[in-house]
Amino acid sequence: MSDFEAQLRAVSLRVTRPRLAVLRALREHPHADTETVIARVRSDLPTVSHQAIYDVLRALTEAGLVRRIQPAGALARYESRVGDNHHHVVCRSCGAIEDVDCAVGPAPCLTASHDHGYVIDEAEVVFWGVCPDCAAESVSK
């Protein structure tokens, strides 16, 4: 049994070729948008429909196997790194996204100054800047 099959079974999802292909695509291409996922899946399964891939992404997200992120002004992206409350850094120029491990301390990494009675279990932080490639390109101009 593959790691992906075990993950699907652990959350009571049937093991299907589209689900396995989406998980594989996200492992190979973290922070992929939907069109990238569709292209990668279709390279393995050419007849799978767009709707089937959307349905798989939704099911995997709801099951907690995939995380959907959407930095302000950007397309939704998906990643298979879940459960560790990591954050992201986004390039303002090209839109590249990288993972940033938890800032400090135990989850949820940050303590709200006032929780308003909420039981907080996650902190979502997006750092914005310019990636090394875009910064180098800017300097060379």
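Just so it is clear, the structure is predicted and the values come from calculations on it, not from any experiment. (Residues numbered from 1 in each chain as written. Predicted model: local features only at pLDDT ≥ 70, side-chain atom pairs only at ≥ 80, totals over all residues. Heavy atoms only, no water.)

Asker: What's the story with the pattern of salt bridges in this structure? I'm lost.
Answerer: Opposite charge on two side chains allows them to pair when their charged atoms are near. On inspection of all chains with the given rule, the structure shows nine salt bridges. Close ionic contact of Glu 79 with Arg 67 constitutes a salt bridge, the shortest N to O distance being 3.6 Å. Within this pair, whereas Glu 79 is found in strand 3 (residues 77-79), its partner Arg 67 is found in strand 2 (residues 67-69), the two being separated by 12 residues in sequence. Per residue, the accessibility class of Glu 79 equals that of Arg 67, and both read buried. Through salt bridges that share partners, Arg 81, Asp 84, Asp 99 and Asp 101 make up one connected network. (Salt bridge = Lys/Arg side-chain N within 4 Å of Asp/Glu carboxyl O. Helix = DSSP H or I, 4+ residues; strand = E, 2+ residues; numbered from the N terminus. Buried < 20%, exposed > 50% of the residue type's maximum accessible area, 1.4 Å probe, protein only.)

Asker: When you look at the state of the cysteines in this model, what are you seeing that I'm missing?
Answerer: Between two cysteines, a covalent bond joining their sulfur atoms is known as a disulfide. Following the criterion strictly, the structure yields zero disulfides and no others. Here Cys 94 is not disulfide-linked; the sulfur of Cys 134 is the nearest cysteine sulfur, at 3.7 Å. The exposure class assigned to Cys 94 is partly exposed, which follows from its relative accessible area of 48%. Its sulfur unpaired, Cys 134 is 3.5 Å from the next cysteine sulfur, which belongs to Cys 131. (Disulfide = S-S within 2.5 Å.)

Asker: Where do I start with empty space enclosed by the protein in this structure?
Answerer: Where empty space is left becomes clear once a probe the size of a water molecule has been rolled over the atoms. On inspection of all chains with the given rule, the structure shows one cavity of 30 Å³ or more. If you go around the largest cavity, the residues you meet are Arg 67, Ile 69, Gln 70, Pro 71, His 88, Glu 124, Val 125 and Val 126. Partitioning the lining of the largest cavity into residue classes produces four nonpolar, two polar and two charged. (1 Å grid on protein atoms, 1.4 Å probe; cavity = no way out; pocket = protein on both sides within 12 Å on 5 of 7 lines; lining within 4 Å. Points joined across faces, edges and corners; volume = space filled by probe spheres on them. Nonpolar A, V, L, I, M, F, W, Y, C, P; charged D, E, K, R; others polar.)

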